[in-house]
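Remarks on the overall topology
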Amino acid sequence: MPILVMKFGGTSVATLDRIRRAAKRVGREVANGHDVIVIVSAMSGETNKLVGFVEETAPLYDAREYDAVVSSGENVTAGLMALTLQEMDIPARSWQGWQVPLRTTSAHAAARIEEIPSANIMRKFEEGMKVAVVAGFQGISPEGRITTLGRGGSDTTAVAFAAAFGAVRCDIYTDVDGVYTTDPRITSKARKLDRIAFEEMLELASLGAKVLQTRSVELAMRYKVKLRVLSSFEEMSDEAGTLVVPEEDIVESNVVAGVAYSRDEAKLTLTQVADRPGIAAAIFGPLAEASVNVDMIVQNISDGGTTDMTFSCPVNEVKRAEKALNDAKAAGQIDFTQLVADTNVCKVSIVGIGMRSHAGVAAKMFQTLRDEGINIKVITTSEIKVSVLVDRKYLELAVQALHDAFGLDRAA
Ligand code: ASP
Ligand code: MG
């Protein structure tokens, strides 16, 4: 039987009724002749609650116990989904990550999948089981401890299973009916895309679009998994969703596919750092060790002896960044006059594979922001994206203006 992977996110399994509705979709695919691997998230809100328990119990918690606690939400929904399917007379059973076993690295709370042996589950399919319900987000480390894959990790579980089992497709069921040109909460002109290229989805996900975990898109791209994002809230007949496909499969597209944003960014500037070989290493080494996720980096032209270094990071990492830099200064590893933090910025990005072959896309973005009187603080570009840092109060305006300027409300 062809194998299909169906992943249900937290809102799609938020109540017993929602689990029943999800199970009906699974039942339909079984009736269509598939063996199905269902990957479930925890009920919505559950993982946040568990994270809260851990943080309240032990602010400097043992990451292994954090994983033991926060992985448990998925165990509940996996068992409930299997029971629901059994009530519908569909042969099903649940699997926790360690039972598969889904083997990961030992990087707790951010583990990477190493291996998914298919033998155990395949044997059950051969014996007549129709649905394997697998708890998403979790695995087992080489040391035999429970691990988790980082927030949103069930998407990655689903894609990894699709790759390991050679699934015909990986359907990600969520509360939106696909991937949009931008967040529909910011502009009602946001349009659902029928298709999007892996590269674009990867950029959008890493630039702040929350619909898929970035790692899941990387995996799907690498293993050529047919990936579809669709809503479990729509009528079953009306569920085309968005297909994430190789670039070659996109016939017509806009130069810009989407506008992404990340609201809670901060900009830090070190003034008057010595301009000599090794200074960037001396600054960003301690930041990396402090697990600060540095994003954009700008080094000013030197005045001969000193230069300014600016970088951005998530706003909740500013304290850690400041401490790492001040400690490095105290230890004599770096020298700077001032450390200036601006915690009121956001990042707005335009993404599209069409940028490779079209000139003037960045210029148009900058003109659009100028026309709205929005000052740009930092710019970075890659082959298929341009990102700017602007004051957070302009986030909505910037997204709306760019969405209009690049005609994203209309298909190409
Ligand atoms: N429940 C986990 C989280 O909220 C994993 C997931 O839903 O993808 O991050
Ligand atoms: Mg998610």
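Here, the structure is the one placed above.
A few points on the structure. (Residues numbered from 1 in each chain as written. Chains lettered and ligands numbered in written order. Predicted model: local features only at pLDDT ≥ 70, side-chain atom pairs only at ≥ 80, totals over all residues. Heavy atoms only, no water.)

A count of helical and extended segments in the protein chain gives 12 helices and 18 strands. Compactness check: the protein chain gives a C-alpha radius of gyration of 23 Å against a globular reference of 22 Å for 412 residues, within 12% of the reference. Overall, the C-alpha framework of the protein chain stretches about 75 × 50 × 30 Å when taken along its three principal axes. Among the 412 residues that make up the protein chain, the fraction classed as buried is 50%. (Helix = DSSP H or I, 4+ residues; strand = E, 2+ residues; numbered from the N terminus. Rg over C-alpha atoms; globule rule 2.2 N^0.38 Å. Buried < 20%, exposed > 50% of the residue type's maximum accessible area, 1.4 Å probe, protein only.)

Now for the environment of A398. Its place among the elements puts A398 in helix α12 (residues 395-405). Overall, A398 belongs to the buried group, its relative accessible area being 0%. In sequence terms A398 and Y261 are 137 residues apart; their C-alpha atoms lie 9.6 Å from each other. Those residues within four positions of A398 in sequence are excluded, and the remaining contacts are V348, L369 and I374. (Contact = heavy atoms within 4.5 Å.)

With that settled, consider the site of ligand 1. Within the structure, ligand 1 sits among S41, A42, T47, E74, F137, R151, G152, G153 and S154. Between T47 and ligand 1, the recorded distance is 2.8 Å, taken from a side-chain N or O atom to a nitrogen atom. Burial of ligand 1 by the protein chains amounts to 85% of its free accessible area of 260 Å². Broken down by class, the residue content of the shell around ligand 1 amounts to two nonpolar, five polar and two charged. (Near = heavy atom within 4 Å. Polar contact = N/O pair within 3.5 Å; in protein donor to acceptor, adjacent residues only side chain to side chain. Areas by Shrake-Rupley, 256 points an atom, 1.4 Å probe, with all protein chains shown as cover. Nonpolar A, V, L, I, M, F, W, Y, C, P; charged D, E, K, R; others polar.)

Turning to the state of the cysteines, a few remarks are in order. One pass over the structure, following the stated rule, counts zero disulfides. No disulfide involves C313; its nearest neighbouring cysteine sulfur is the one of C346, lying 15 Å away. (Disulfide = S-S within 2.5 Å.)

Ordered by their spatial adjacency, six strands build an open sheet running β14-β15-β13-β16-β18-β17, and the pairing between neighbours is antiparallel. Looking at the sheet topology across the chains shown, the edges are occupied by β14 (297-299) and β17 (378-382). Averaged over all pairs of adjacent strands, the angle between strand axes in this sheet comes to 25°, irrespective of strand direction. Here five bridges tie β17 to strand β18 (residues 385-391), and the two strands are oriented antiparallel to one another. Across the sheet, the residue bridging to V378 is L389, located in β18. Contacts between helix α11 (residues 361-371) and the sheet are confined to β16 (339-351), β17 and β18, with β18 contributing the most and set at about 20° to the helix. (Pairing = 2+ DSSP bridges. Axes fitted to C-alpha atoms, helices over the stretch in contact; angles between N-to-C directions.)

All chains considered together, the criterion is met by 24 salt bridges. Notably, a salt bridge pairs R263 with E396, separated by 3.2 Å at the nearest N-O pair. A residue pair is termed long-range when its members are at least 10 positions apart, and R263 in strand β13 (residues 258-274) and E396 in helix α12 qualify at 133 residues. Accessibility expressed as a relative area gives 32% for R263, which makes it partly exposed. Taking relative accessible area as the criterion, E396 reaches 31% and is therefore assigned partly exposed. Among the charged side chains, a network of salt bridges with common partners joins R169, D171 and R228. (Salt bridge = Lys/Arg side-chain N within 4 Å of Asp/Glu carboxyl O.)

A few words now on the pairing of strand β15 (residues 306-314). One ladder, built from eight bridges, connects β13 with β15; its direction is antiparallel. Note that in β15 the partner of T269 across the bridge is T310. As defined by bridge partners, β14 adjoins β15 across three bridges and the pair is classed as antiparallel. Residue pairing across strands places V298 opposite T310, the latter belonging to β15. Following β14, the chain reverses through six residues before pairing antiparallel with β15; G304 in that reversal takes a positive phi of roughly 120°.

Further remarks concern the sheet that holds strand β12 (residues 242-245). One open sheet accounts for eight strands, arranged β3-β6-β2-β1-β9-β11-β12-β10; its pairing is mixed. Strands at the two margins of the open sheet, each flanked by one partner only, are β3 (92-95) and β10 (195-197). On average, each strand axis in the sheet is inclined to that of its neighbour by 20°, with strand direction left out of account. When strand β2 (residues 35-40) meets strand β6 (residues 131-135), the two strands line up parallel, connected through five bridges. Counted as the bridge partner of I39 is V134 from β6. This element, helix α7 (residues 198-206), spans β10 and β12 of the sheet and lies at about 85° to β10.

Remark: helix α1 (residues 16-31) packs on helix α4 (residues 72-87), axes separated minimally by 9 Å, with the N-to-C direction vectors making an angle of 60°. The angle between α1 and α4 falls in the class oblique. You can see that α1 and α4 cross each other, and the crossing is right-handed. Contacts between α1 and α4 involve L16, I19, R20, A22, A23 and V26 on the former and, on the latter, L80, M81, T84 and L85. Looking at the contact of α1 with α4, its residues break down into eight nonpolar, one polar and one charged. (Parallel < 35°, antiparallel > 145°, perpendicular 65-115°, else oblique. Left-handed = near helix turned anticlockwise from the far one by under 90°.)

This part covers the packing of aromatic side chains. Tallied over the full model, the rule gives four aromatic pairs. When the ring centre of F233 is taken as origin, the NZ or CZ atom of R18, which lies over that ring, is 3.6 Å away. Sitting over the face of the ring of W95, R93 holds its NZ or CZ atom 3.6 Å from the ring centroid. (Phe/Tyr/Trp six-rings, centres within 6.5 Å; stacked < 30°, edge-to-face > 60°. Lys NZ or Arg CZ within 6 Å of the ring centre and 35° of its normal.)

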